[in-house]
Amino acid sequence: MSLNPIRPWRNIQRRKSRQIMVGRVPVGGDAPISVQTMTNTDGHDVRATLDQVIRAADAGADIVRISAPDQETTRALREICRESPVPIVADIHFHYKRAIEAAEAGVACLRINPGNIGDAARVREVIKAAKDHGCSIRIGVNAGSLERHLLEKYGEPCPDAMVESGLDHIKILQDNDFHEFKISVKASDVFLAAAAYQQLADATDAPIHLGITEAGGFVGGTVKSAVGLGNLLWSGIGDTIRVSLSADPVEEVKVGFEILKSLGLRTRGVQIISCPSCARQGFDVIKTVERLEKRLEHIKTPMSLSIIGCVVNGPGEALMTDIGFTGGGAGSGMVYMAGRQSHKMTNDQMVDHIVQLVEERAQKIEDEAGAQTAAE
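Residues numbered from 1 in each chain as written. Predicted model: local features only at pLDDT ≥ 70, side-chain atom pairs only at ≥ 80, totals over all residues. Heavy atoms only, no water.

Undergrad: What is the right way to read a nonpolar patch on the surface from this model?
TA: Taken together, the side chains of F218, V219, V223 and V227 define a hydrophobic patch exposed on the protein surface, amounting to about 380 Å² of accessible area. For F218, the location among the structural elements is in helix α9 (residues 218-234). With a relative accessible area of 41%, F218 lands in the partly exposed category. (Patch = residues over 30% accessible without salt bridge, like charges linked within 9 Å, V, L, I, M, F, W, Y side chains within 5 Å. Areas by Shrake-Rupley, 256 points an atom, 1.4 Å probe, with all protein chains shown as cover. Salt bridge = Lys/Arg side-chain N within 4 Å of Asp/Glu carboxyl O. Helix = DSSP H or I, 4+ residues; strand = E, 2+ residues; numbered from the N terminus. Buried < 20%, exposed > 50% of the residue type's maximum accessible area, 1.4 Å probe, protein only.)

Here is the structure:
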């Protein structure tokens, strides 16, 4: 739950769900909403795949998924899982034996699409492998690959068909005494996905994996995902998310975190509040923010920073941020610390100065947290 007693309009009542483990990452219950991405390297290339996994983890990914279409990839998963800093999910389509091999290789979770994994007997074999090797399972229903009998029954992909597919496969897992599962009902259509997820949330207490599948390129996919996922998260639905973009997986992680940060559901790194700039700006806001975003990527400590071009909104925004800079005149602006005016700084030195202030504050926060932990 996102609880703010001072500003109750910010509160989000999260749906109650069971908690499962994906490796060491808890999903569901009162666990933080985790962020996932998926590699797009050749799965046979251990080094390239691991490098991408590590970059995603550095950006904040809690879980990373790897497609496992053949035996060469499932063999590579052994080394990848052994060296990965985050739990690995094997993405399985069509070939149920790949799921068994992936479980044997040490993945933390198996993502199976019930519409294309095969009959109930094959699904049971996958369940046994998951049990034997301590894997969780994600039931991944997708509007684009629903079972034929459901398409014949409903005429087209629709929320009822997607949820029925998911519940049918939940029953198979439960009938085999397997309960370490989460579920998704993804579609590229925002309306279809949202309606299916809302219906699913009422039908099961399983943890829910949110995603708008095949959302598109960086800009279009980001907007589509923010609309779809933001709507569901705001209503309390969702225990783990993946933003699907035709872009670098690291960008998926960044967008996912920004969606969660905007709703107060996760905090990580520097949140920059900045104006779009206009003729009143006392410095080049756009270029300054671009430089600061790059220079502050290494900061993981939650912190807020306001960069405002003039005094119309600058002082007001600075009241609500840890550090602020407001443009003034004669080539300089005002630095704010914890909402209060602190000192003036020239525009040409302000980026270096703000980076230094952020780094110093991050270190102070970390030192105080470390001292509190030691005292406990």
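The rest of the description comes next.
Undergrad: I keep staring at the UniProt feature "domain: IspG C-terminal" (unreviewed entry) in the chain and nothing clicks. Help me out?
TA: As recorded in UniProt, the feature "domain: IspG C-terminal" (unreviewed entry) lies at residues 271-359. Helix and strand shares over residues 271-359 are 29% and 31% respectively, and the end C-alpha atoms of the span are 14 Å apart. (UniProt positions renumbered as here; feature names shortened; annotations may be inferred.)

Undergrad: Would you mind going over the nonpolar core with me for this structure?
TA: Burial of nonpolar side chains together is a common tendency in soluble globular proteins. Core analysis: the largest hydrophobic core is formed by 81 residues, its most contacted members being L110 and L233. Residue contributions to this core peak at eight residues, all from helix α8 (residues 190-203). Apart from the residues within four sequence positions on either side, L110 is in contact with V89, A90, A99, A102, A103, V126, A130, C135, S136, I137 and R138. Within the second largest apolar cluster, 21 residues are counted, among which are V270, I299, I354 and V355. (Core = buried A, V, L, I, M, F, W, Y, C linked by side-chain atoms within 4.5 Å. Contact = heavy atoms within 4.5 Å.)

Undergrad: How should the packing of aromatic side chains be read in this particular structure?
TA: Both the distance between ring centres and the angle between the ring planes are used here to describe each pair of aromatic rings. Under the definition given, this model contains one aromatic pair. Judged by centre distance (5.4 Å) and plane angle (75 degrees), the ring pair of F283 and F325 falls under edge-to-face. In this pair, F283 is assigned in the loop between β11 (270-274) and α11 (285-295) and F325 in strand β13 (residues 323-327), connecting sequence segments 42 residues apart. An identical accessibility class is assigned to F283 and F325; each is buried. One cation-aromatic arrangement involves R18 over F181; the distance from NZ or CZ to the ring centre is 4.9 Å. Across the ring face of F257, the terminal group of R268 is positioned such that the distance to the ring centre comes to 5.8 Å. (Phe/Tyr/Trp six-rings, centres within 6.5 Å; stacked < 30°, edge-to-face > 60°. Lys NZ or Arg CZ within 6 Å of the ring centre and 35° of its normal.)

Undergrad: Any chance you could explain the domain arrangement of the chain here in plain terms?
TA: Accessible area lost upon the coming together of the parts is a frequently used measure of interface size. Under the domain assignment used here, the chain contains domain 1 (12-263) and domain 2 (270-375). Relative placement of domain 1 and domain 2: their C-alpha centres are 37 Å apart. (Domains from an automatic or database assignment.)

Undergrad: Looking at this model, I keep getting lost on the pattern of salt bridges. Mind explaining?
TA: Should their charged atoms come close, side chains of opposite charge can pair. One pass over the structure, following the stated rule, counts 19 salt bridges. For R15, the salt bridge is made with D239, and the minimal N-O distance between the two is 3.5 Å. Placement of R15 in the segment before β1 (19-22) and of D239 in the loop between α9 and β10 (240-242) is noted, with a sequence separation of 224 residues between them. Taking the shortest distance from any N to any O, the salt bridge between K254 and E297 comes out at 3.1 Å.

Undergrad: What should I look at first to understand the sheet that holds strand β6 (residues 109-112) in this one?
TA: Backbone hydrogen bonds are what pair the strands of a sheet, in a parallel or an antiparallel way. Pairing is parallel across the open sheet formed by eight strands, whose spatial order is β8-β7-β6-β5-β4-β3-β10-β9. In the strand order of this sheet, the two ends are held by β8 (181-186) and β9 (209-210), each with one partner. Summarising the sheet, strand β3 (residues 34-38) and strand β4 (residues 63-67) pair through three bridges and their orientation is parallel. Bridge pairing in β4 places T37 opposite V64. With respect to the sheet, helix α10 (residues 249-262) is in contact with β3 and β10, its orientation differing from that of β3 by roughly 160 degrees. (Pairing = 2+ DSSP bridges. Axes fitted to C-alpha atoms, helices over the stretch in contact; angles between N-to-C directions.)

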